[in-house]
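Single-letter residue listing:
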Amino acid sequence: MKKRRKARELAFRILYQAEISSGEPMSVANEVLSESEHEASIDSYTRELVRAFSEHARQIDEIISRTSKNWELGRMAATDRNVLRYSVAEILYLTEVPPKVAIDEAIEIARRFGTEDSGKFVNGILDSVAREFRGRELKNPGA
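First, a word on scope: everything that follows refers to the structure included in this document. The structure presented is a predicted model; accordingly, all values stated were derived computationally and were not measured. (Residues numbered from 1 in each chain as written. Predicted model: local features only at pLDDT ≥ 70, side-chain atom pairs only at ≥ 80, totals over all residues. Heavy atoms only, no water.)

Before going further, it helps to spend a moment on the packing of aromatic side chains. Taken as a whole and judged by the stated rule, the model has two aromatic pairs. Where phenylalanine 12 meets tyrosine 16, the ring centres are 6.1 Å apart and the plane angle is 40°; that geometry is what we call tilted. Of this pair, phenylalanine 12 and tyrosine 16 both sit in helix H1 (residues 3-21), four residues apart, which is roughly one turn of the helix. Using a relative accessible area of 3% as the deciding quantity, one classes phenylalanine 12 as buried. Taking relative accessible area as the criterion, tyrosine 16 reaches 30% and is therefore assigned partly exposed. For arginine 4, the ring lying beneath its charged end belongs to tyrosine 45, and the centroid distance is 4.1 Å. (Phe/Tyr/Trp six-rings, centres within 6.5 Å; stacked < 30°, edge-to-face > 60°. Helix = DSSP H or I, 4+ residues; strand = E, 2+ residues; numbered from the N terminus. Buried < 20%, exposed > 50% of the residue type's maximum accessible area, 1.4 Å probe, protein only. Lys NZ or Arg CZ within 6 Å of the ring centre and 35° of its normal.)

All right, on to the environment of glutamate 39 then. Mapped onto the elements, glutamate 39 comes out in the loop between helix H2 (25-35) and helix H3 (40-55). Separated by 51 residues in sequence, glutamate 39 and glutamate 90 have C-alpha atoms that sit 20 Å apart.

This part is about the side chain of serine 68. Note that serine 68 resides in the loop between helix H4 (57-67) and helix H5 (78-93). Classification of serine 68 by relative accessible area gives buried; the value is 3%. A distance of 2.7 Å separates the side chain of serine 68 from the backbone oxygen of isoleucine 64, its partner in a polar contact. Within the structure, the side chain of serine 68 is placed 3.4 Å from the backbone oxygen of serine 65, a separation counted as a polar contact. Setting aside residues up to four positions removed in sequence, serine 68 forms contacts with Met76 and Ile125. (Polar contact = N/O pair within 3.5 Å; in protein donor to acceptor, adjacent residues only side chain to side chain. Contact = heavy atoms within 4.5 Å.)

Among the structural elements, valine 122 can be located in helix H7 (residues 118-139). Classification of valine 122 as buried rests on a relative accessible area of 0%. Note: C-alpha distance between valine 122 and alanine 110 (twelve residues apart in sequence) is 7.1 Å. For valine 122, the residues in contact, after removing those within four places along its chain, are Asp80, Val83, Leu84, Ala106, Ile107 and Ala110.

So far we have only geometry, and geometry alone does not tell us how the molecule works.
Right, here's the structure in full:
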């Protein structure tokens, strides 16, 4: 498994665990990452994803809510919601990653941990977010 895919899965699991336990995401990240050994690059990228979400959680949740027409954030499956959270953070705040890569990875993780329809649901929302916030890059890769 690719290192960044592993980091994304860990970030998803951390955000999911933080939500169901009402924990603070960075505290959960510290706990989870200290319990298992990963390469430093995996730990580092996981922390970047969780930190980006934590620092911008309200804005990210508002963007997801606004973009997901007819779906309130609280009504989404918890798996989908947390894949969207780390993915939106990655698209908006870790801009060295091309949006298409972030979206493709999120779709795969959503399919793996969510429902049959999770991949399509996540794809639709992330595509809209990427077009709104990083649209120029999508039209002109490398711009």
